Structures are given as structure tokens and as C-alpha cells.
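Architecture and fold: a report
The chain contents come next:
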Amino acid sequence: MRKNRLVKWSIILIGSFLLTILVSMPTIISMRNLEALGIYTFKPAQYLGRIVLSFLISFTFLFINVSFNKIGIGKFKINLLKVRSILSLNVFVFTLIMILALGAMLNKTDSWYLDLGLDQFKGFRLRFVISQVVPNLFIMIAGVLVGSSYRFLRVNYNMRIQNEKLNKEVSDAKLASLKEQLNPHFMFNSFSTINELVDESPEKTKKFVHHMSDLYRFVLRNEQTDRVILAEELQFAMNFYTMLKERFGESLHCHVSVPNKVMGMYVPPMSIQMLIENAIKHNTFDEKHPLNIHIVHHNMAIKITNNMKKRTMVGSHQMGLFNLSQRYKLLSDKEVLIKKTEHQFEVQIPLLS
């Protein structure tokens, strides 16, 4: 609000100053020429009066056209966003100024016009038009153009801000919806693992549940967060890997090579963990043919690769990669890159600042 007022007053004052120079300069030059020819001698106050008068008229028209969108006097209201109302108000003010100017000349307040022998009706009328109507008409038109341009830009700016707010609200809603899918996805896969472990080893099941409760604290802590520091996400992913390592043993290996210089950058929460989870979920592996997952830094992105030996999935939701890609589209203009060969699957997730 304060910035808006500053912009308005800057336009009004600077515009008034420039219009004063444009309008009063020809009159002052004419006055100087008359003095040079010895026809008339002007007082300094008369020069100053012309400048001050031009400034006040310029200020009046710019103030009216720039400061207000609506003017209301009781039940009488003028909407300055309509062309007819703008013209009506400015013509009314212009008429008042002309009446005052004519009165000043007839009362010899501005007597030098009359003293020059131009008091005959025809000559006086011509001088009045040239000296008063034309410059003030120019000021009025300039005021209307400046005010209309300012209002147009202001309305356009407000509409753009409003659209950005609406787009952000829509994006936030979509992002929140995508994030809400993560918790059920994480829990569904975790419970599926528990179901497989129950018959295999009750002891492993207990450890798995204990680790899962620690991991879920991270999930809940970042439930309202759009992005997390890479170091935290990697720690979460490694804790997740450690939990699964107890179940799969030497059948599963994860290798991390990420430099410290990028650890302070950001990624969406549960992004790396989800890719590890997907690799385990969609491949078959054992100690003779282990699953090797590599997490490395590559071109301002984190690259997660794993060897492939696809298993036939029953009841797979296949939502992990789609969810991650959609979150990146909402968070930045960067895209998730997916490369797939016969023996390897690779996903690159860009680092965010």
C-alpha cells in the first residue's frame, strides 16, 4: 500500500513538473520576446505566476486522473474506470478553469493581454484561445492519458497478481493432494513387507516395525513440507535401506556417492526413499543375483540406478514415479528424467535451491 502511494505521488509530481515546462515555456519565451522588442515590461512575479499557474493546473488534472478510481459526493458517484465518466469529469474541471481564466483576464488580473491592444472582441478571443484554452486542453488530455495508462497498468498488475495467487493456490492444493498419497503408499508397502516377514521371522518383524516407527516420525515431521534438505532425505533413505537390509541381507546393496557441496540443496521429501522402495518392489533378487542400487550426484541432480530383473507385479499401484514427476512439475520447471534399458533402470531427480 505504501509503495502504491509512492508510485502515485511520483507520477503526479514528476508529471506536473514536466507538463509545466512544456506548457509554460512557450508563454515565457513570448513574454521575453515582447520585452526584447520594448513592447512590454514584465515583473518577475508575472513570470513566476505563469509557472505556478501551469503547475497547479497540471497537478489538478494528474491528481484527479491518477489518484482515484471512483469519486463519490453523497449519492453522486463517478466511476473513473469508464471512458464516459473520465471525459465528463475532466471536461467539467477544464470548464471551471477556463471560466476562472476568463474572469482573471476580464478583471485585468492578467492585464498584459489587454494592454497590448488586443481588447477588441475578435483579437481578445483569439488571444484567449491561444494563451489559455490550447495549453490547458493539452494538460487535460495529457492528464487523461497518463491517468488511464496508470489505471490500465495497475488493473493489469492486480489481475496478474490475483491470477498468480489463484495458480499458487491450485498448485498448493495439487501438491497437498500428491503428498497425501505418499503416506498411504508408504504404509501399504510397509505392511506388505510385515505380512511377508511374519511367517519368515517374528524377530525380524519386530525389528522392522521398530525401524518403521522411527521412519514414520520423519514422514509426519515433513508432512507439510514441499522440500527437504538433501542431507536429511539421504539420511532417511539410508535408514530405510538399513531396515530392509536386515530382511534381505546380502541380497541388497546400496552405494552412495554424493559430495558435501550439494548436501544443503533440496529435494522433495521421500523422493530417494521411494526410488529405493520401487527398485526393491519391482525386481527379483537373491544373494547370487543381488540388487545393487547406486545413488550419485550428476549434473546438479541425484541419479539413482539399479540393475533390473523385473518381477511380475500383482496389484501394483504404479503411482510412485508419477507422483514424483507431478511434484517436480509443481515445485519447479525441472523434470524427472527416467531411462530404462534391458538390464538397468535409472532415474535422475533435479536438485532444488
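A few points on the structure. (Residues numbered from 1 in each chain as written. Predicted model: local features only at pLDDT ≥ 70, side-chain atom pairs only at ≥ 80, totals over all residues. Heavy atoms only, no water.)

1. Side note on helix H9 (residues 320-331)
The test is simple: Working definition: helices are DSSP H or I runs of at least four residues, strands are E runs of at least two. Numbering for both runs from the N terminus. To estimate how far a helix should reach, multiply one less than its number of residues by 1.5 Å. The classification of residues rests on relative accessible area computed with a 1.4 Å probe and restricted to protein chains. Under 20% of the type maximum is buried, over 50% is exposed, and intermediate values are partly exposed.
For H9, with twelve residues, the first-to-last C-alpha span of 17 Å sits near the 16 Å given by 1.5 Å per residue. Burial in H9 covers these residues: Gly320, Asn323, Leu324, Ser325, Arg327, Tyr328 and Leu331.

2. A word on unusual backbone geometry
Despite not being glycine, Met270 has its phi angle at roughly 65°, a positive value. Assignment of secondary structure puts Met270 in the loop between strand S5 (266-267) and helix H8 (271-281). Positive phi, normally seen in glycine, also occurs at Met300, with a value near 55°. Structurally, the position occupied by Met300 is in the loop between strand S6 (291-297) and strand S7 (301-307). Accessibility expressed as a relative area gives 41% for Met300, which makes it partly exposed.

3. Focus on the pattern of salt bridges
Applicable threshold: Salt bridges, as used here, are contacts in which a Lys or Arg side-chain nitrogen is within 4 Å of a carboxyl oxygen on Asp or Glu.
The full count for this structure, using the stated rule, is one salt bridge. Here Lys245 ties to Glu250 by a salt bridge, and the two come within 4.0 Å at their closest N and O atoms. For Glu250, a relative accessible area of 47% translates into the label partly exposed.

4. Looking at the pairing of strand S9 (residues 344-350)
On any regular strand, side chains alternate: one points to one face of the sheet, the next to the other face. The cut-off we apply is this: At least two bridges found by DSSP between two strands is the condition for calling them paired.
Across the seven residues that make up S9, a large majority, six, are buried. As defined by bridge partners, S7 adjoins S9 across seven bridges and the pair is classed as antiparallel. Looking at S9, one finds that Thr305 is bridged to Glu346. The sheet contact formed by strand S8 (residues 337-340) and S9 spans four bridges and is antiparallel. If you follow Leu337 over to S9, its bridge partner there is Gln348. The loop that links S8 with its antiparallel partner S9 comprises three residues.

Nothing here speaks to function; it is geometry throughout.
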